[in-house]
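What follows is each chain in one-letter form.
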Amino acid sequence: MTQAAGWKLPSREIKRRMILGIQGMERGGKSHLALTGRPPIYIHNFDYGLEGTVEKFAVTGKEIDVAEYRMPKAPRGQEQQVVKEAEVIYRQFREMWDDSVAKGEGTIIVDTHTEEWELRRLAWFGKLDQIMPQQYAELNNDFRAQVRGAYDSGMTVILIRKMGKVYQGNQP
């Protein structure tokens, strides 16, 4: 039996990968859970508080590489300087992300994706507020392509997100 052009047989190889988000309250074990992922592990660390957790896994011989990023801060009136710094940090993150995806095996962790998304918005829009929903199309497409690239490479991706308290009126 012949097949028409465009059809192909599925691969028999099953890639061991997942794309997932972990969210929870601060000090809830999100980073610990992520570090149980398949090695080697590439952590894009935007947050504080990784110390102590990563060492527990490193002493066991698990291969872990960490790239550190910090959200720029500037005094009032120097917002453009913050935007320029955000653009530089975001480019650095994307270069490091692409490098970790190119490895083709292991786990990529973004801790926290909450901070990374804020940096991404600042680098793309030059501000964090008064951004219309339709303006997000290009940014969302870029993020989607970034995650799909990791998926296609066979990497597991874990996006750690912060959760805050839910308020009703003035009460948590």
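The coordinates are above.
Reference entry: report on the structure contained in this document. Nothing here was measured: the structure is a model prediction, and the numbers come from that model.

How each quantity is defined
- Residues numbered from 1 in each chain as written.
- Predicted model: local features only at pLDDT ≥ 70, side-chain atom pairs only at ≥ 80, totals over all residues.
- Heavy atoms only, no water.
- 1 Å grid on protein atoms, 1.4 Å probe; cavity = no way out; pocket = protein on both sides within 12 Å on 5 of 7 lines; lining within 4 Å.
- Points joined across faces, edges and corners; volume = space filled by probe spheres on them.
- Helix = DSSP H or I, 4+ residues; strand = E, 2+ residues; numbered from the N terminus.
- Axes fitted to C-alpha atoms, helices over the stretch in contact; angles between N-to-C directions.
- Parallel < 35°, antiparallel > 145°, perpendicular 65-115°, else oblique.
- Left-handed = near helix turned anticlockwise from the far one by under 90°.
- Contact = heavy atoms within 4.5 Å.
- Nonpolar A, V, L, I, M, F, W, Y, C, P; charged D, E, K, R; others polar.
- Salt bridge = Lys/Arg side-chain N within 4 Å of Asp/Glu carboxyl O.
- Buried < 20%, exposed > 50% of the residue type's maximum accessible area, 1.4 Å probe, protein only.

### Some thoughts on the layout of surface pockets
Inference 1: What the largest pocket holds in volume is close to 450 Å³.
Inference 2: Contributing to the lining of the largest pocket are 21 residues, with Glu26, Arg27, Lys30, Ser31 and Gly49 lying nearest its centre.
Inference 3: If you list the elements that add at least two residues to the lining of the largest pocket, you get helix 1 (30-34), helix 2 (53-58) and strand 5 (156-162).
Inference 4: Counting residues per element, the lining of the largest pocket draws most heavily on helix 1, at 3 residues.

### Concerning the packing of helix 3 (residues 79-102) against helix 4 (residues 113-125)
Inference 1: Closest axis-to-axis distance for the helix 3/helix 4 pair is 8 Å, and the angle between their directions is 120°. When the axis of helix 3 is compared with that of helix 4, the two are oblique. At the point where helix 3 passes helix 4, the crossing takes the left-handed sense. Between helix 3, through Val82, Val83, Ala86, Glu87, Ile89, Tyr90, Phe93 and Arg94, and helix 4, the contact on the second element is made entirely by Glu116, Leu119, Arg120, Leu122, Ala123 and Trp124.
Inference 2: Here the contact of helix 3 with helix 4 is built from residues that sort into 10 nonpolar, no polar and 4 charged.

### Re the pattern of salt bridges
Inference 1: For the structure on display, the rule yields 7 salt bridges.
Inference 2: In this structure, the salt-bridge partner of Asp142 is Arg94, at a minimum N-O distance of 2.7 Å. With Asp142 in helix 5 (residues 137-153) and Arg94 in helix 3, this residue pair connects regions lying 48 residues apart in the sequence.
Inference 3: Its salt-bridge partner being Asp142, residue Arg120 comes within 3.4 Å of it at the nearest N-O pair. Remark: Asp142 occurs in helix 5 and Arg120 occurs in helix 4; sequence separation between them is 22 residues.
Inference 4: When its relative accessible area of 0% is taken as the criterion, Arg120 is described as buried.

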